[in-house]
Amino acid sequence: MSTDYVLHMKGISKSFPGVKALSNVDFGLRKGEIHALMGENGAGKSTLIKTATGVYDWDSGEVRLAGRPIAPKSPLEAQQLGISTVYQEVNLCPNLTVAENIFIGRHPRKRGFIHWDKMYADSERLLERLDLYIDVKQPLSHYSVAIQQMVAIARAVDISNGILILDEPTSSLDANEVKQLFKVMRKLKQEGMGIVFVTHFLDQVYEVTDRITVLRNGTLVGEYVTSALSKTELVSHMIGREWSTEETAGMKAVEQISRDLFLQASTLGKRGSIYPIDLQIGKGEVLGLAGLLGSGRTEIAKLIFGIDKADEGILTIDGEQISSMYPQKAIQKGLGFTPEDRKVAGIVGELTIRENIVLALQARKGLFSFIPLRKQKEIANKYIELLKIKTPSAEQKIENLSGGNQQKVILARWLATQPKLLILDEPTRGIDVGSKMEIRKLILELAASGISILIISAELDEIVQCCNRIIVLRDRIKIGEVSGASMRENVIMEMIAKGAELYGKPGGIGA
Amino acid sequence: MASLAGLARNLSKQKIIWPILAIVVLFLFNLIVIPDFFRMEWKDGHLFGNLIDILKNGSPLIIIAIGMTLVIAKEGIDISVGSVLAISGALAVFMLNGYPLWVVVLAGIGAGLLCGLWNGMLVAILGIQPMVATLILLTIGRGIAQLITGGQVLTTSNKAFQFIGKGHLLGLPFPLFLAMGVFLIVYLFKTRTAFGLFLEAAGGNKTASSYAGIRPKVIFMTAYTITGICAGIAGIIISSNIASADANNAGLWIELDAILAVVIGGTSMRGGRFYLGGTIFGALFIQSLTTTIYSLGVEPSSILLVKAVVVIIVCLIQSDLFRQSFKLAKKKVAAS
């Protein structure tokens, strides 16, 4: 019964230069349902939403609204069609009143002037629908983030024509506020509204949604009825095995029993970012951090490398206690860090490959011990050859390379400093399968040569393949550790899925 | 012929070609319209002529534009250089009354250095928008200069001091050597230390640079300080040239010419890569333009207008986007 669909997207594909963001994705939203859209970073959730809301156009495929094909060219056009979105960050104007925010751009008018009385009355009526009784003449900034969120929803509901998209609306709400939001969502659902709910909190998905669509690497994994899908299955769909084992069999490093400790963190934590955690990394060991988006994976790496400052705990490197960490010091101590977001925090786009490679080494040497150009070229060419970076020359701008080759350049940047510990945050995200394999192989080779590696990845098979030991995280808490025989994907998935029951704290540790 | 076209294509990719081309076109225009423009004379042991004037009067602009290149590479700007120049000039002339020349020169440069540190602190440490941060010194700088001069135009008859701005060496104006000296020092600092790499990296992507262990704040402070020193040197040259300290008019609007010189020279306002050589030719082009307009006898009231029109044309030709749409239009015409 395709006529049930209020919003139906069929075979949507969308490419950005160098990346296929969506390929042949279907998504159907029915009348009166809450439909979760799940997937890790880069899975294509936000791209899919942005095609429906007119931010992007799509390369191929079809979008139908209540059976009628549509092609919104802008968010405004999508709104006029009745598709409205509430984003994670409340994007309203805090200095305007609640009522003005609800009716901004479409003030009710009387004889050419704004009809204030009607606007206030209508606002109150709209908010009542969400069980919210506040003074609509007060500026929005007067109220808490949760209420601001509700106002955003009220506005969206009023604009909407049966479809509401909520993009991670709970990430800045506390448990009670989440409950209130869910009450409103259920009420709207009963009124027949179709709601798309994007979140990465598993418990919330099970609490409120009817159906789940899972995306991964820009493709559709499947659409499931929430009550018929176990948490473990869901986690498996999101981060489980992507291809067969054969390709990587035998790559795994031989487990060594005794190791000297290289880095130790005890109760290292930062409020609002990661709860205090203990971890040790041995020399030549590959330690993995597994967990879903928002579980605190990246936050740990940032604390260790000194990008964020820990507000409690002790960090010891090579037997020496580090009192205050910052990137320069981390590099002096032999650490290297390839960040998750390559474009923002990794490459310097308009510089050449050579310059990008020598950057960290030069930074460690300081301003005045300049590496002569000849030596720079030597280093660059050495790593271009070693890592098989595909480029006509070392003098190419790095932004002209593919994602995989850019990642190799960033790896080369750290290898040139002869690091003792490499922290790799999502080293293979957004990279084609071939390059993924190469980079994973490289990681194992590096570990074999004695470099310790801390690897963060959303792809469980990757982590299981590469690591000697894995720390499992959930909702910013370390919920366990696996190694040896128990280091299997299904074990980790179960830990993540069941973590809530075992450790008591459900999702929604928002703030 | 094909290789010639290839050569032209390669050249057009070099940023420095545009300011040089602009100067060539301007000189061709002069050759036709004002044949006298290129006349040079040997008088009293040194050269005279329009070209020499351009080099001499352009020297302070070149020095300031070199500093400006560094802050623009940081994705910043420094609009206070004119005021800093006035402070330095005022201080120098004021101190001539009682201090030896070398102290005076150091004091002028020192004043520039302090102003640069101030700007750098506001921008790099406190994170104030560069335009707003340097606006402060732009506004109060001339006030400070007036305090130093006591609200009057101080004059000096110190011959040694006047040599800095008016003197000649090997038949050429002395400020030209100062400009070349500043260029050489900054160029060596860029290419023989890691400063160039760090500034281009931090200006291009601040986050990535700090992840790689560079401290962008230190680099940005340094860039602003060098700019301040450059303004200080330019202040001494200008006050020496007119043998007086004019708190209100010395170096007025020079920041705008300097920014233009940097942009025409190929450095993007969005930061990252910077081109010191391009800046030199950009500054020379602007000075040549000014001299040309004066030689043409354009009415003083319309000088700025003429300058603006020429600058717009140069910037348009320099823009890849504009050249492309122009090429497309040409193709369309050819096709139809």
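Residues numbered from 1 in each chain as written. Chains lettered and ligands numbered in written order. Predicted model: local features only at pLDDT ≥ 70, side-chain atom pairs only at ≥ 80, totals over all residues. Heavy atoms only, no water.

Visitor: I'd like a description of the packing of aromatic side chains, backed by residues and values.
Guide: Enumeration according to the criterion identifies ten aromatic pairs over all chains in this entry. Consider the rings of B:F27 and B:F38, whose centres lie 5.4 Å apart with planes at 85 degrees: the pair is edge-to-face. Taken as a pair, B:F27 in helix α2 (residues 17-33) and B:F38 in the loop between α2 and β1 (40-43) lie far apart in primary sequence, eleven residues in all. A relative accessible area of 23% places B:F27 in the partly exposed class. Ring pairs connect the aromatic residues A:F305, A:F337, A:W414 and B:Y211, which therefore count as one cluster. Its end group placed over the ring of B:F274, B:K190 keeps NZ or CZ at 4.3 Å from the ring centre. (Phe/Tyr/Trp six-rings, centres within 6.5 Å; stacked < 30°, edge-to-face > 60°. Helix = DSSP H or I, 4+ residues; strand = E, 2+ residues; numbered from the N terminus. Buried < 20%, exposed > 50% of the residue type's maximum accessible area, 1.4 Å probe, protein only. Lys NZ or Arg CZ within 6 Å of the ring centre and 35° of its normal.)

Visitor: How would you explain the sheet that holds strand β20 (residues 452-456) of chain A if you had to name every residue and give the values?
Guide: Residue and element names in this part refer to chain A. Strand order in the open sheet formed by six strands is β18-β19-β20-β15-β21-β22, and the pairing between neighbours is mixed. Edge positions in the open sheet fall to β18 (335-338) and β22 (477-483), since each of these has one partner strand only. Across the sheet, the mean angle from the axis of one strand to that of its neighbour is 15 degrees, orientation sign disregarded. Sheet strands touched by helix α9 (residues 297-305): β15 (286-290), β18, β19 (421-425), β20 and β21 (469-474). Its angle to β18, the strand with the most contacts, is close to 145 degrees. (Pairing = 2+ DSSP bridges. Axes fitted to C-alpha atoms, helices over the stretch in contact; angles between N-to-C directions. Contact = heavy atoms within 4.5 Å.)

Visitor: How would you explain the side chain of A:R413 if you had to name every residue and give the values?
Guide: Residue placement: A:R413 occurs in helix α14 (residues 403-415). No salt bridge is formed by the buried A:R413; the nearest opposite charge belongs to A:E355, separated by 10 Å. (Lys, Arg positive; Asp, Glu negative; His and termini not counted. Salt bridge = Lys/Arg side-chain N within 4 Å of Asp/Glu carboxyl O.)

Visitor: Can you lay out the interface of chain B and chain A for me, pointing to particular residues and giving the numbers?
Guide: Taken together, the contact pairs 24 residues of chain B with 29 residues of chain A. Buried area between chain B and chain A, summed over both chains or domains, comes out near 2,100 Å², and the portion from carbon and sulfur atoms is 66%. If you sort the residues of chain B by the area they bury against chain A, B:L197, B:Y211 and B:R273 come out on top, with a joint share of 34%. There are one salt bridge connecting chain B and chain A. In this structure, A:E355 and B:R273 form a salt bridge, with 2.5 Å as the shortest nitrogen-oxygen distance. The tally of links between chain B and chain A comes to seven residue pairs in polar contact (both at pLDDT 80 or more). Secondary structure elements with two or more residues in the side of chain B that touches chain A: α8 (174-192), α9 (195-204) and α10 (206-211) of chain B. Sort the elements by how many residues they give to the side of chain B that touches chain A and α9(B) lands first, with six residues. (Buried area = accessible area lost by both parts, 1.4 Å probe. Polar contact = N/O pair within 3.5 Å; in protein donor to acceptor, adjacent residues only side chain to side chain.)

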